[in-house]
Amino acid sequence: MQRTLSIIKPDAVGRNLSGAILKMIQDAGLTVKAMKLIRMTKEQAEGFYAVHKARPFFADLCCFMCSGPVVVSVLEGEGAVTRYRDLMGATNPANAAEGTIRKQYALDIEKNSVHGSDAPETAAVEIAYFFSQLEIVG
Ligand code: CMP
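Every residue gets a number counted from 1 within its own chain, in the order that chain's sequence is written. This being a predicted model, a pLDDT of at least 70 is required before a residue's local features are given, and a value of 80 or more before pairs of side-chain atoms are given or counted; all residues contribute to the totals for chains, interfaces and linings. To get the side-chain values, take all heavy atoms of the structure and skip hydrogens and water.

J.: Please clarify how the sheet that holds strand β4 (residues 114–116) should be interpreted in this entry.
T.: Backbone hydrogen bonds hold the strands of a sheet together, and the pairing may be parallel or antiparallel. Any two strands with at least two DSSP-identified bridges between them are counted as paired. For helices the rule is a DSSP run of H or I covering at least 4 residues; for strands it is a run of E covering at least 2, with both sets numbered from the N terminus onward. Sheet architecture is open: four strands sit in the order β2-β3-β1-β4, paired in antiparallel fashion. Looking at strand neighbours, the two that pair on one side only are β2 (31–38) and β4, the edges of this open sheet. For this sheet, the mean inter-axis angle between neighbouring strands, taken without regard to orientation, is 20°. Where strand β1 (residues 2–8) lies against strand β3 (residues 70–77), seven bridges are found, and the strand directions are antiparallel. Every angle, taken between N-to-C directions, lies between 0 and 180 degrees, and every axis is a line fitted to C-alpha atoms, over only the stretch in contact when it is a helix.

Here you go:
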């Protein structure tokens, strides 16, 4: 069993798409082990995306991520990291395959509706960024 961190981003939460996206996640066989609705501060968004600090899109990305509420969740399943990334589709929705969340709902490369961890090691760090052990249902 593997865990990954999912974020339903402000563009999707703001269009009331959280339920539809969670249905796609659950229909794909991933299990929600923890979930909350939060609004990140600029500092929290900058900390979360620190790995992208040198990128030209960093400031805009952090600004977008704290522009409204997000739904953060811990997903579990066999190969959850890759399975969720496959379900999300390409970062740029213009390149996303049919049937993926980003193909269906993302607006552009920044407002791309969802985030998912890119590796098991990253997932552990990202999960701990938002959730304590007590908040994750075993
Ligand atoms: P995410 O999977 O959350 O990881 C980093 C985010 O940065 C990515 O989704 C996009 O929202 C954003 N991003 C990546 N590349 C670009 C880009 N070229 N221009 C603007 N935003 C980007």
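J.: For this particular structure, what's the right way to read helix α5 (residues 80–88)?
T.: Because an α-helix packs 3.6 residues into every turn, residues spaced three or four apart end up facing the same way. Considered for burial, the residues of α5 that qualify are Ala80, Val81, Tyr84, Leu87 and Met88. Buried residues of α5, seen end-on, are gathered within an arc of 135° and therefore sit on one face of the element. In this description, contact between two residues means that some pair of their heavy atoms is separated by no more than 4.5 Å. In this structure, the buried side of α5 is in contact with β1, α2 (18–27), β3, α6 (101–105), β4 and α7 (120–130). Directly after α5, the chain includes Gly89, whose backbone phi takes a positive value near 90°. We call a residue buried when its accessible area falls under 20% of the maximum for its residue type, exposed when it is over 50%, and partly exposed in between, using a 1.4 Å probe and counting protein chains only. In this description, the arc belongs to the directions extending from the helix axis to the C-beta atoms.

J.: Got a minute to help me understand the site of the ligand in this structure?
T.: Here a residue is near a molecule or strand as soon as one of its heavy atoms is found within 4 Å of it. All residues in the neighbourhood of the ligand are listed as Lys9, Tyr49, His52, Phe57, Leu61, Thr91, Arg102, Ile109, Glu110, Asn112 and His115. Pairing of N or O atoms within 3.5 Å defines a polar contact, subject to two protein rules: one partner must be a possible hydrogen donor and the other a possible acceptor, and residues neighboring in sequence count only if both atoms are side-chain atoms. Within the side chain of Arg102, one N or O atom sits 3.3 Å away from an oxygen atom of the ligand. A distance of 3.3 Å separates an oxygen atom of the ligand from a polar backbone atom of Ile109. In the complex, the protein chains occlude 79% of the 450 Å² of accessible area that the ligand would expose alone. When residues are grouped by polarity, Ala, Val, Leu, Ile, Met, Phe, Trp, Tyr, Cys and Pro land in nonpolar, Asp, Glu, Lys and Arg in charged, and all others, Gly among them, in polar. In the shell around the ligand, the residues fall into four nonpolar, four polar and three charged. Only the protein chains shown count as cover for residues, and all accessible areas are computed by the Shrake-Rupley method using a 1.4 Å probe.

J.: How should I be thinking about the pairing of β3 in this particular structure?
T.: Put simply, side chains in a regular strand alternate between the two faces of the sheet. Counting buried positions along β3 yields eight of eight residues, so the element is predominantly enclosed. The side-chain alternation of β3 yields two buried faces, one formed by Val70, Val72, Val74 and Glu76 and the other by Val71, Ser73, Leu75 and Gly77. In the sheet, β2 pairs with β3 via seven bridges, with the strands oriented antiparallel. Within the sheet, the bridge partner assigned to Thr31 lies in β3 and is Glu76.

J.: Looking at this structure, how should I read the packing of aromatic side chains?
T.: For any pair of aromatic rings, geometry is given as the distance between the ring centres together with the angle between the planes. Two rings from Phe, Tyr or Trp (for Trp, the six-membered ring) form a pair when their centres are within 6.5 Å of each other. A pair whose planes differ by under 30 degrees is stacked, one over 60 is edge-to-face, and the rest are tilted. Tallied over the full model, the rule gives four aromatic pairs. Note on Phe48 and Phe130: the rings are 5.3 Å apart at their centroids and 45° apart in plane angle, and the pair reads as tilted. Residue Phe48 is found in helix α3 (residues 42–48), and its partner Phe130 is found in helix α7; the two are separated by 82 residues along the sequence. Take Phe48: its relative accessible area is 9%, and that puts it in the buried class. Note on Tyr129 and Phe130: the rings are 5.1 Å apart at their centroids and 80° apart in plane angle, and the pair reads as edge-to-face. Tyr129 sits in the partly exposed class, given a relative accessible area of 36%. When its relative accessible area of 11% is taken as the criterion, Phe130 is described as buried. In this structure an aromatic cluster arises from ring pairing among Phe48, Tyr49, Tyr129 and Phe130. A cation sits over an aromatic face here: Lys111 above Phe64, 5.4 Å from the ring centre. Two thresholds decide whether a charge sits over a ring: the Lys NZ or Arg CZ must be within 6 Å of the ring centre and within 35 degrees of the ring normal.

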